[in-house]
Amino acid sequence: MRNRVVITGAGVVSSLGDSATSLQLSLCSGRRAVRPVELFSTAGLGCPLGGEIHSFDAQKYLGRRNLRPLDRTSRLVTSAAQLALNNSGWSESMRNDEEVGLVLGTMFCSVHTISEFDRRALEAGPAYASPMDFSNTVINAAAGQTAILHNLRGINSTISTGTTSGLQAIAYATDVIRSGRARAILAGGADELCFESFYGFDRAGLLCRSDQRAGDFPIPFDKRRNGFALGEGAALLMLESAKFARERGARPLAEITGHGFGYDCSQGEDEESAVEAIGLSIRRALNDAFTEPHEIDCLSASANGSPAGDRHEARGSVTGLNGQTRKLPVTAIKSMLGETLGASGPMQVIALLETMRDGVLPGIKCLEEVDDDVAFDLIGPENREIDLETALINSVSFDGHCCSLVLARCN
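Analysis parameters
Residues numbered from 1 in each chain as written. Predicted model: local features only at pLDDT ≥ 70, side-chain atom pairs only at ≥ 80, totals over all residues. Heavy atoms only, no water. Helix = DSSP H or I, 4+ residues; strand = E, 2+ residues; numbered from the N terminus. Rg over C-alpha atoms; globule rule 2.2 N^0.38 Å. Buried < 20%, exposed > 50% of the residue type's maximum accessible area, 1.4 Å probe, protein only. Contact = heavy atoms within 4.5 Å. Areas by Shrake-Rupley, 256 points an atom, 1.4 Å probe, with all protein chains shown as cover. Lys, Arg positive; Asp, Glu negative; His and termini not counted. Charge placed at Lys NZ, Arg CZ, Asp CG, Glu CD. Pairing = 2+ DSSP bridges. Expected span 1.5 Å × (residues − 1). Disulfide = S-S within 2.5 Å. Axes fitted to C-alpha atoms, helices over the stretch in contact; angles between N-to-C directions. Parallel < 35°, antiparallel > 145°, perpendicular 65-115°, else oblique. Left-handed = near helix turned anticlockwise from the far one by under 90°. Nonpolar A, V, L, I, M, F, W, Y, C, P; charged D, E, K, R; others polar. Salt bridge = Lys/Arg side-chain N within 4 Å of Asp/Glu carboxyl O. Polar contact = N/O pair within 3.5 Å; in protein donor to acceptor, adjacent residues only side chain to side chain. Core = buried A, V, L, I, M, F, W, Y, C linked by side-chain atoms within 4.5 Å. Phe/Tyr/Trp six-rings, centres within 6.5 Å; stacked < 30°, edge-to-face > 60°.

Asker: I'd love a proper account of the overall build of the protein chain, names of residues and values included.
Answerer: Of regular secondary structure, the protein chain possesses 14 helices and 16 strands. For 411 residues, the compact-globule estimate of 2.2 N^0.38 gives 22 Å, and the C-alpha radius of gyration of the protein chain, at 20 Å, lies within 12% of that figure. The C-alpha extent of the protein chain, read off along each of the three principal axes, is 60 × 55 × 40 Å. Counting every position in the protein chain, which comprises 411 residues, the buried fraction comes to 60%. In the protein chain, the share of contacts with a sequence separation of at least 24, taken over all contacts with a separation of at least 6, comes to 77%. With an accessible surface of roughly 15900 Å², the protein chain has 48% of that area assigned to carbon and sulfur atoms. Each charge sign in the protein chain was given a centre, from 39 positive and 51 negative side chains, and these centres are 4 Å apart.

Asker: Describe the sheet that holds strand β7 (residues 230–231), and please don't skip the residues or the numbers.
Answerer: With mixed pairing, three strands are arranged side by side in an open sheet as β2-β3-β7. The open sheet has two edge strands with one neighbour each: β2 (35–36) and β7. Where strand β3 (residues 49–51) meets β7, two bridges bridge the pair, whose relative direction is parallel. Note that in β7 the partner of Gly51 across the bridge is Gly231.

Asker: Pulling in residues and values, what's your account of the environment of Gly359?
Answerer: Note that Gly359 resides in the loop between α14 (344–358) and β12 (360–361). Once the C-alpha coordinates of Gly359 and Leu388 are considered, the two residues, 29 residues apart in sequence, prove to be 6.7 Å apart. Once residues within four sequence positions are removed from consideration, Gly359 is found in contact with Glu354, Arg384, Glu385 and Ile386.

Asker: Could you give an account of helix α12 (residues 307–320), with specific residues and numbers?
Answerer: Over its 14 residues, α12 runs 20 Å from end to end, which matches the ideal 20 Å to within 8%, given 1.5 Å per residue. Against α11 (271–288), β10 (298–300) and β15 (390–396) lie the buried residues of α12. Looking one or two places after α12, you find Asn322, whose phi comes out positive at around 55°.

Asker: Explain helix α3 (residues 72–88) to me, and be specific about the residues and the numbers.
Answerer: Between the first and last C-alpha of α3 there are 24 Å, a value that for 17 residues agrees with the 24 Å anticipated at 1.5 Å per step. Among the 17 residues in α3, twelve count as buried, and that is most of the element. Burial in α3 covers these residues: Thr73, Ser74, Leu76, Val77, Thr78, Ser79, Ala80, Ala81, Gln82, Ala84, Leu85 and Ser88. Taken from the residues just after α3, Gly89 is the one with a positive phi, measuring 80°.

Asker: Go over the state of the cysteines with me, naming the residues and quoting the values.
Answerer: Scanning the model with the defined rule gives zero disulfides in all. Free of any disulfide, Cys298 has its nearest cysteine sulfur in Cys28, 12 Å distant.

Asker: Which residues make up the packing of α3 against helix α7 (residues 141–150), and what values go with them?
Answerer: Interhelical geometry of α3 versus α7 gives an angle of 45° and a closest axis separation of 9 Å. The angle between the axes of α3 and α7 places the two elements in the oblique class. Note on packing geometry: the crossing formed by α3 with α7 is right-handed. Between α3 and α7, the contacting residues are Thr73, Ser74, Val77, Thr78, Ala81, Gln82 and Leu85 on the first element and Ala141, Ala142, Gln145, Thr146, Leu149 and His150 on the second. A per-class count over the contact of α3 with α7 returns six nonpolar, seven polar and no charged.

Asker: Describe the side chain of Asp264, with residues and values.
Answerer: As for its placement among the helices and strands, Asp264 is situated in the loop between β9 (254–263) and α11. No salt bridge is formed by the buried Asp264, whose closest oppositely charged neighbour, Arg311, lies at an N-O distance of 11 Å. Within the structure, the side chain of Asp264 is placed 2.5 Å from the side chain of Ser273, a separation counted as a polar contact.

Asker: Tell me what's going on with the sheet that holds strand β5 (residues 156–159), and back it up with residues and numbers.
Answerer: Across the sheet, which stays open at both edges, the eleven strands sit in the order β5-β4-β6-β8-β1-β9-β16-β15-β10-β11-β13 with mixed pairing between neighbours. The open sheet has two free edges, formed respectively by β5 and β13 (377–378), since each of these has just one partner strand. Relative to β9, α11 is tilted by about 145°, and along the sheet it contacts β9, β15 and β16 (401–409).

Asker: Any details on the nonpolar core? Residues and values, ideally.
Answerer: One finds Ile170, Leu237, Leu239, Val349 and Leu407 to be the most contacted residues of the largest nonpolar core, which totals 46 residues. With seven residues, the single largest contributor to this core is α14. Excluding residues within four positions of it along the chain, Leu239 makes contact with Val5, Val6, Ile7, Ile170, Ala173, Thr174, Ile177, Arg183, Ala184, Ile185, Ala187 and Ile256. Among the nonpolar cores identified, the runner-up in size contains 30 residues, and Leu76, Val77, Ala184 and Met238 belong to it.

Asker: So what about the packing of aromatic side chains? Which residues, and what values?
Answerer: Scanning the model with the defined rule gives ten aromatic pairs in all. Considering the side-chain rings of Phe201 and Phe398, the 5.4 Å spacing of their centres and the 75° angle between planes classify their relative orientation as edge-to-face. Of this pair, Phe201 sits in helix α9 (residues 195–203) while Phe398 sits in the loop between β15 and β16, and the two are 197 residues apart along the sequence. By relative accessible area, Phe398 is classed as partly exposed at 29%. Taken together, the ring pairs connect Phe40, Phe195, Phe198 and Tyr199 into an aromatic cluster.

Asker: Tell me what's going on with the pairing of β15, and back it up with residues and numbers.
Answerer: Extensive coverage of β15 is indicated by the burial of seven of its seven residues. The two faces of β15 match: Thr390, Leu392, Asn394 and Val396 on one face and Ala391, Ile393 and Ser395 on the other face are all buried. Bridge analysis of β15 against β16 gives seven bridges, and the strand direction is antiparallel. If you follow Ser395 over to β16, its bridge partner there is Cys403.

Next up, the structure:
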């Protein structure tokens, strides 16, 4: 018999707030985080917009610790970890007595640091490359730095599967706890906003383009959508076995009852293949959760404004839920946050935790002209009052990865 897995706390650093409550308030007020980027120059690029965290200072969360070895990604993750540990009641003394693990999902991790290190080595020679940067030139740098800083002595893993990385990290950590190999794991995702990733997405034609009809930011499921805006952030959840959480007197926020995966080998080139992969991911999550499609109260969609991606998810969700979607409330928070890559799935989970608490499902900012292919009860742009018991979260990446998660309220 597998262990039940519950969420006992959350930590988030985002362009719309640094707590679950502030994030939810921003989403429900329709606040827009997507604006002209200030971190780097976007001159000559097709898209000048991004969901940047302005005035981010890790000292606010971490105090007078030595942060010199940490780059922006590692500072985001260590800050979110501190917030999650505080929120779940895991003190420093408790972490001395009990192992806490970390599973981090990230698409690029410290790609800016990697690029800077390589650039200096090529231009000035290897002897002039910064040794301080070297430790951050691996994909698991942020997870390692965070474990060291917070004394997380349990499992330490990094998942890199495109924009689904964060949700897949939560699913992986869930399996580790279910099997009895760990009792407490911080799990979630993070990615920074930097020129290197921004430039790549812009060159690939994936970012939104300004025109008179579409406006200057992405609108998921809207006929006018023409690409996504890149964002950044970090979001971590404290996962524990239900038995252990009960023994230590922790209050569970929700239970992770199931998850599922799919993969589109065509990477979006073949629409039917993409639709089937998303549908398979959802069906597997429902089967794992012993949940029927009609028991799902709402869907948090991965949609980010991608013309093809949103359409694939809409069709795949109908397939995965056996056509029972006409009255299903659907939200898509990337309309306000932008595409935060590895952090996106965990941020969707945190927003739904707040919806379970306060009974308000955020609307989709500026959604006015719903695409004809969408067979949902889309929430937008107005919020919706809802008694949320069971929710489905989708995370769909443009590289073919699909992940779905079923979340149930703890009564």
